[in-house]
Amino acid sequence: NTASSALCIIEVGVLGGTGVLNGQVRAYAMIPVGGGGCNGADLAEPFGVLDLADVQGFVSAFVSGDLGADLAPPAGVLDLADLQAFVEAFVAGCP
């Protein structure tokens, strides 16, 4: 049996929390693997390049209340912290 809940955002795109596995409480981090963007602002194809498609993707998600735009704490709330996290990631660029 596994029961879990996300409790925090460790960094942009990484959720942390606790869960029960085989009767014991465990901590976890959910880290995206493969196929994604270079950072939290890389939301649209082509991945690995920050461009207008990423800006449009973020704005569209944010305005529609899609939690794909939830890039900063508090989790589950879309606010100016998410906008700031997007802008900082976008300005930082892809490695």
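This text follows the structure it describes.
Worth saying up front: this structure is predicted, and the values here are computed from it rather than measured.

**Student:** Is there a simple way to explain unusual backbone geometry in this structure?
**Tutor:** Trans is the common state for peptide bonds, and a negative phi is the common state for residues other than glycine. The step from E45 to P46 runs through a cis peptide bond, and the omega angle for that step is 0°. Topologically, P46 is positioned in the loop between β3 (24-30) and α1 (52-64). Backbone torsion omega between P73 and P74 reads 0°, so that peptide bond is classified as cis. The residue P74 is located in the loop between α1 and α2 (80-92) in this model.

**Student:** Just checking my understanding: could you explain the environment of A27 for this structure?
**Tutor:** Mapped onto the fold, A27 is located in strand β3. A27 gets classed as exposed once you look at its relative accessible area, which sits at 72%. Residues within four places of A27 in sequence aside, it is in contact with G17 and T18.

**Student:** Which parts of the structure should I look at to understand the nonpolar core?
**Tutor:** If you look at soluble globular proteins, the nonpolar side chains tend to sit buried side by side. Judged by nonpolar contacts, A41, L50, F58, A61, A69, L71, A72, A85, F86 and A89 together constitute the single largest core of 10 residues. For this core, the elements supplying multiple residues, two or more each, are α1 and α2. With 3 residues, α2 is the largest single contributor of residues to this core. The residues contacting A41, other than those within four sequence positions of it, are L50, D54, F86, A89 and F90.

**Student:** Mind showing me how you'd approach the state of the cysteines here?
**Tutor:** Formally, a disulfide is one covalent bond, and it connects the sulfur atom of one cysteine to the sulfur atom of another. For the structure on display, the rule yields 1 disulfide. Each disulfide pairs two cysteine sulfurs, and for C38 the partner residue is C94, the sulfurs being separated by 1.9 Å. The chirality of the disulfide connecting C38 with C94 is left-handed, given an S-S dihedral of about -60°. With C38 in the loop between β3 and α1 and C94 in the segment after α2, the pair connects residues that are 56 residues apart, well separated along the chain. Of the residues examined, C94 reaches a relative accessible area of 24% and is grouped as partly exposed.

**Student:** Would you explain the side chain of D54 in this entry?
**Tutor:** Checked against the element boundaries, D54 lands in helix α1. Of note is the side chain of D54, whose polar atom sits 2.9 Å from the backbone nitrogen of L43. Not counting the four nearest positions on each side in its chain, D54 is found in contact with A41, D42, L43, A44, V49, F86 and F90.

**Student:** Just to check I follow, could you spell out the packing of aromatic side chains for this structure?
**Tutor:** Two measures describe an aromatic ring pair: the distance that separates the ring centres and the angle between the ring planes. As enumerated under the stated definition, the model contains 3 aromatic pairs in all. Residues F58 and F62 carry aromatic rings whose centres are separated by 5.7 Å and whose planes lie at 35° to one another, so their mutual orientation is tilted. Of the two residues, F58 and F62 both sit in helix α1, 4 residues apart, roughly one turn of that helix. In this structure F58 comes out as buried when scored by relative accessible area, which is 3%. The exposure class assigned to F62 is partly exposed, which follows from its relative accessible area of 26%. Site record: aromatic cluster; members linked through ring pairs are F58, F62, F86 and F90.

Calculation criteria
The numbers attached to residues start from 1 for each chain and follow its sequence in the written order. Two thresholds apply to this predicted model, a pLDDT of at least 70 for residue-level local features and 80 or more for giving and counting side-chain atom pairs, whereas whole-chain, interface and lining totals are computed over all residues. Side-chain measures here rest on the full set of heavy atoms in the structure, leaving out hydrogens and waters. Working definition: helices are DSSP H or I runs of at least four residues, strands are E runs of at least two. Numbering for both runs from the N terminus. Per-residue accessibility, obtained with a 1.4 Å probe over protein chains only, is compared with the maximum for each type, and a residue is labelled buried under 20%, exposed over 50%, and partly exposed between these values. Here, two residues are considered to be in contact whenever any of their heavy atoms come within 4.5 Å of each other. Throughout, nonpolar core names a set of buried Ala, Val, Leu, Ile, Met, Phe, Trp, Tyr and Cys residues whose side chains join them through atoms within 4.5 Å. Disulfide: a pair of cysteine sulfur atoms within 2.5 Å of each other. Two N or O atoms count as a polar contact when they lie within 3.5 Å, although within protein this holds only if one can serve as hydrogen donor and the other as acceptor, and sequence-adjacent residues are included solely when both atoms are side-chain atoms. Each Phe, Tyr or Trp ring, with Trp reduced to its six-membered ring, pairs with another whose centre is within 6.5 Å; inter-plane angles below 30 degrees give stacked pairs, above 60 give edge-to-face pairs, and intermediate values give tilted ones.

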